[in-house]
Amino acid sequence: MSVGHYENFPVGSLALPRRLRRPVHAIYAFARTADDMADEGEAEASARLEQLAGLRAELDRMAAGQTPQTALMQRLQSEAVQPFSLPLVPFYDLLSAFEQDVVKTRYAHFGELVDYARRSANPVGRLLLHLYGQTDERSLAQSDGICTALQLINFWQDVALDWQKRRVYLPQEDLARFGVSEAQIEAGKVDFAFQRLMAFQCERAHKMLKAGSPLGKTLPGRIGFELRMIVVGGQLILQKLDGVGYDVFRQRPTLGVKDGWLMVKRALLRK
């Protein structure tokens, strides 16, 4: 099962306990469907927002104790929300982020970007923690740090791809600070200024990832192992970005089979 933009979803992983695979798949299906509504195809913004409003109406039915009308949401209710008493707020937050993606293509400052990640990525970690039964404030905060970092890392490896969608997630104030223009992004020009900008953003993500990483030792067994692999994966992408001189226009850093084995090895050593 492809994870697409949701690389922080442990979908189909053998490390994930079997009892959690169905609810994780149901959550993923919801997020993937909503993200596609916001981002894929050639539909007009109004049509995308209407589709997302349909999912919001389904969540409203669930909140009212009713049965959703669509198979997607019935599955989410029966396989994830009801058996694990999952809160609905994270699902509403995800929809809010997807709706924002339809209408917002620029971010003035880093705070706006973090607020977006709070709704686009952090709900994933919080839902997984509810599945694991680990919902203390410290764990939730560490999860938020990891998920925000993963969202940022995804942005930085996708600068070129996002430009094709006419989106720029690099904060406007940072573009100005480092002397990088959108015309430069369009041209795919990687100079010292762009490298400094990207190194600055990647360092921010690295600090967040590091701050949240102790959660991988707090969570027990296979769940903690899964999270440690995810953290290592994020670190490897950051290393690859640095390794290509932040030239994401000619080579988008990704994780391969060899990286997978390295993730397993490092996750085992970090117990």
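Residues numbered from 1 in each chain as written. Predicted model: local features only at pLDDT ≥ 70, side-chain atom pairs only at ≥ 80, totals over all residues. Heavy atoms only, no water.

Going by the annotation in an unreviewed UniProt entry, the name recorded for the protein is Phytoene/squalene synthetase, with Neisseria shayeganii 871 given as the source organism.

Another point: helix α14 (residues 257–269). Quick reminder: α-helices carry 3.6 residues per turn. Residues three or four places apart thus point the same way. A rise of 1.5 Å per residue sets the reference length of α14, with its 13 residues, at 18 Å; its end C-alpha atoms lie 19 Å apart and thus fit the reference within 8%. Within α14, the full set of buried residues consists of D259, M263 and A267. Projected down its long axis, α14 carries its buried residues within an arc of 75 degrees, all on one side. In α14, the exposed residues that point more than 90 degrees away from the buried face are V257, K258, W261, K265 and L269. Elements that come into contact with the buried residues of α14 comprise α13 (221–243). (Helix = DSSP H or I, 4+ residues; strand = E, 2+ residues; numbered from the N terminus. Expected span 1.5 Å × (residues − 1). Buried < 20%, exposed > 50% of the residue type's maximum accessible area, 1.4 Å probe, protein only. Arc of directions from axis to C-beta. Contact = heavy atoms within 4.5 Å.)

Moving on to the pattern of salt bridges. Summed over the entire model, instances satisfying the criterion amount to 17 salt bridges. Where E99 meets R56, a salt bridge forms, and the shortest distance between an N and an O atom there is 3.0 Å. Placement of the pair is E99 in helix α4 (residues 89–103) and R56 in helix α2 (residues 45–63), with a sequence separation of 43 residues. Through salt bridges with shared partners, a single network forms among R22, R75 and E79. (Salt bridge = Lys/Arg side-chain N within 4 Å of Asp/Glu carboxyl O.)

Summarising the element assignment, L20 is placed in helix α1 (residues 18–39). Residue class for L20 comes out buried when judged on its relative accessible area of 0%. Along the chain, L20 and W261 lie 241 residues apart, while their C-alpha atoms are 23 Å from each other. In this view, L20 contacts F84, L131, Y132 and I223; residues no more than four positions away in its chain are not counted.

Let us look at the nonpolar core. One finds F30, L59, L76, F91, Y132, W156 and L170 to be the most contacted residues of the largest nonpolar core, which totals 72 residues. Two domains each put at least three residues into this core: domain 1 (18–103) and domain 2 (106–270). (Core = buried A, V, L, I, M, F, W, Y, C linked by side-chain atoms within 4.5 Å. Domains from an automatic or database assignment.)

Along its 19 residues, α2 runs 27 Å from first to last C-alpha, staying within 8% of the 27 Å computed at 1.5 Å per residue. Of the positions making up α2, those classed as buried are R48, L52, L55, E58, L59 and M62. Along the long axis of α2, the arc covered by the buried residues comes to 100 degrees, so they all point the same way. Facing away from the buried side of α2 by more than 90 degrees, the exposed set consists of S46 and E50. Tucked into the core, α2 has its buried residues touching α1, α3 (71–84) and α4.

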